[in-house]
Amino acid sequence: MPSQARAGAPAPLSFDWSAPAGQTARADWSAYAKAYDMLSEYNPAYQVLLQDFETFLGTIETPRVIYDVGGGTGNYTEVATRVCPGSEIRVVEPDAGMMGLAQAKLSAHGNVTYFNRALEDVDASGTADLVICVHALYAMPRQEERLGDLRRLLRPGGWLYLIDLGRYMNVAEWRSYLFSHLKREHGLAGALRIFWQGREIGKQNKSILHAQVSGVYWTHTEAEIASSVTAAGFKILRQDSVYRGYSDLLVCRAMRHA
Ligand SMILES: C[S@@+](CC[C@H](N)C(=O)[O-])C[C@H]1O[C@@H](n2cnc3c(N)ncnc32)[C@H](O)[C@@H]1O
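Each value, and the rule that gives it
- Residues numbered from 1 in each chain as written.
- Predicted model: local features only at pLDDT ≥ 70, side-chain atom pairs only at ≥ 80, totals over all residues.
- Heavy atoms only, no water.
- Buried < 20%, exposed > 50% of the residue type's maximum accessible area, 1.4 Å probe, protein only.
- Helix = DSSP H or I, 4+ residues; strand = E, 2+ residues; numbered from the N terminus.
- Pairing = 2+ DSSP bridges.
- Near = heavy atom within 4 Å.
- Polar contact = N/O pair within 3.5 Å; in protein donor to acceptor, adjacent residues only side chain to side chain.
- Areas by Shrake-Rupley, 256 points an atom, 1.4 Å probe, with all protein chains shown as cover.
- Nonpolar A, V, L, I, M, F, W, Y, C, P; charged D, E, K, R; others polar.
- Phe/Tyr/Trp six-rings, centres within 6.5 Å; stacked < 30°, edge-to-face > 60°.
- Lys NZ or Arg CZ within 6 Å of the ring centre and 35° of its normal.
- Salt bridge = Lys/Arg side-chain N within 4 Å of Asp/Glu carboxyl O.
- Contact = heavy atoms within 4.5 Å.
- Axes fitted to C-alpha atoms, helices over the stretch in contact; angles between N-to-C directions.
- Parallel < 35°, antiparallel > 145°, perpendicular 65-115°, else oblique.
- Left-handed = near helix turned anticlockwise from the far one by under 90°.
- Core = buried A, V, L, I, M, F, W, Y, C linked by side-chain atoms within 4.5 Å.
- Expected span 1.5 Å × (residues − 1).
- Bend = angle between axes of the 7 residues up to and from the residue.

1. Concerning the pairing of strand β7 (residues 247–254)
Look at any regular strand and the pattern is simple: side chains alternate between the two faces of the sheet. Counting buried positions over the eight residues of β7 gives seven, a clear majority of the element. Of the pairings in the sheet, the one linking strand β5 (residues 154–165) to β7 comprises seven bridges and is antiparallel in character. Bridge pairing in β7 places Trp 159 opposite Arg 253. Of the strand pairs in this sheet, strand β6 (residues 234–242) and β7 are connected by eight bridges, and their pairing is antiparallel. From the neighbouring strand, Phe 234 faces β7, where its bridge partner is Ala 254. Connecting the antiparallel pair β6 and β7 is a turn made up of four residues, with Tyr 243 showing a positive phi of about 55°.

Structure, rendered in structure tokens:
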């Protein structure tokens, strides 16, 4: 297991390290998509991040062109459409299931364009004023190159709002956190019902953990992601440990190319 994944991580206490039978060590994003928005609805830690993004948008000059890379079901795009209704917003999302939900959710907004492809297959440069990339970089191949792609999308001085899962997805610990929260808010029967409806979330989070442990997905410490982001040509203006210590949030500006 990669050593950096353990640093600062609430590591799983007991875990079967072999991949689940019949599953590859990757998340099935289309299977995840159906339950994904339950995260938004019922996970307060997810809500805190969405709120942070909305607050951030209110502090910068309105971006003309925004990319949401690995935009998933469109929750961050939705915030952008609300706060920046005049911006041109481009969603890059390779998974058809995830993207279909984003399109349905945002169908009333004519200023959103969809690119059903991976970041590494996007052929554009220097146009964006803001790139959003939330909880997607870790799942991409060759992160140093992908950070270079994010830099390439931006004009010099453009903003990168980056959140990335860095530490092991401790499924049991998340389950216990969410169950306690839901029990407080919805009672025992309500919590059990929501858990049953969202059971795909636990399954896919387990696949994410397997992919992390086997080195298919990237794990990093705060210092490691800061160093990779800087090497890709960004100046970091803010860095916080977020999502209950599992993820890193970095607000950066694209430096001029040397
Ligand atoms: C956990 S979801 C995050 C969705 C959304 N950003 C959010 O926070 O709600 C991760 C997303 O990254 C996408 N993804 C995976 N590999 C990618 C790649 N190479 N380029 C762009 N997106 C990718 C997946 O399809 C998935 O929708």
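Having seen the structure, we can now continue with the description.
2. Quick look at the site of the ligand
Near the ligand lie 19 residues; those nearest to it are Tyr 46, Gly 70, Glu 93, Leu 119 and Val 134. The backbone of Leu 119 places a nitrogen or oxygen atom 2.9 Å from a nitrogen atom of the ligand. For the ligand, a nitrogen atom lies 3.0 Å from a polar atom in the side chain of Glu 120. The fraction of the free accessible surface of the ligand (600 Å²) that becomes covered by protein chains is 95%. Of the residues belonging to the shell around the ligand, the class tally is 12 nonpolar, four polar and three charged.

3. Observations concerning the packing of aromatic side chains
Under the counting rule described, the total for this entry stands at 14 aromatic pairs. For the ring pair Tyr 32 and Tyr 36, a centre distance of 5.2 Å and an interplane angle of 70° mean the geometry is edge-to-face. In this pair, Tyr 32 and Tyr 36 both sit in helix α1 (residues 29–42), four residues apart, roughly one turn of the helix. Overall, the relative accessible area of 14% leaves Tyr 36 in the buried class. Every member of this aromatic cluster is reached through a ring pair, and the members are Trp 29, Tyr 32, Tyr 36, Tyr 46, Phe 53, Phe 56, Tyr 76, Trp 159 and Tyr 161. When the ring centre of Trp 196 is taken as origin, the NZ or CZ atom of Arg 199, which lies over that ring, is 3.8 Å away.

4. Structural notes on the pattern of salt bridges
Overall, the coordinates contain 14 salt bridges when judged by the stated rule. For Arg 155, the salt bridge goes to Asp 129, with nearest N and O atoms at 2.6 Å. Of the two residues, Arg 155 is situated in strand β5 and Asp 129 in strand β4 (residues 128–134); the sequence distance between them amounts to 26 residues. For Arg 155, a relative accessible area of 30% puts it in the partly exposed group. Where Glu 173 meets Arg 244, a salt bridge forms, and the shortest distance between an N and an O atom there is 2.6 Å.

5. Notes on the environment of Asp 52
Positionally, Asp 52 belongs in helix α2 (residues 44–57). Between the alpha carbons of Asp 52 and Leu 249 there is a distance of 9.9 Å; along the sequence they are 197 residues apart. Excluding residues that lie within four positions of it along the chain, Asp 52 makes contacts with Tyr 161, Arg 238 and Leu 249.

6. Considering the side chain of Thr 73
Its location among the elements puts Thr 73 in the loop between β1 (65–69) and α3 (75–83). A polar contact of 2.7 Å, which involves the side chain of Thr 73, links it to the side chain of Asp 37. One polar contact links Thr 73 to Asn 75, side chain to side chain, over a distance of 3.5 Å. Ignoring any residue separated from it by four or fewer positions in sequence, one finds Thr 73 in contact with Ala 33, Tyr 36, Asp 37, Met 98, Leu 101, Ala 102 and Lys 105.

7. Quick notes on the packing of α1 against helix α7 (residues 199–213)
The contact between α1 and α7 brings their axes to 8 Å, and the two run at 120°. Comparing the axis directions of α1 and α7 gives the class oblique. In terms of crossing hand, the pair formed by α1 and α7 is left-handed. Between α1 and α7, the residues in contact are Trp 29, Ala 31, Tyr 32, Ala 35, Met 38 and Leu 39 and Glu 200, Ile 201, Gln 204, Asn 205 and Ile 208, respectively.

8. A look at the nonpolar core
Residues Val 69 and Tyr 161 are the most contacted members of the largest nonpolar core, which totals 80 residues. Residues within four places of Tyr 161 in sequence aside, it is in contact with Leu 49, Asp 52, Phe 53, Phe 56, Leu 130, Val 131, Ile 132, Cys 133, Val 134, Leu 249, Leu 250 and Val 251.

9. Things to note about α1
The end-to-end C-alpha distance of α1, which contains 14 residues, comes to 19 Å, matching closely the 20 Å that a straight helix rising 1.5 Å per residue would cover. At Ala 35, α1 shows its maximal bend, which comes to roughly 45°. Buried within α1 we find Ala 31, Tyr 32, Ala 33, Ala 35, Tyr 36, Met 38, Leu 39, Ser 40 and Tyr 42. Next to the buried residues of α1 lie α2, α3, α4 (96–105), α6 (171–197) and α7. Near the N-terminus of α1, the side chain that reaches the backbone nitrogen of Ser 30, with its oxygen 3.2 Å away, is that of Asp 28.

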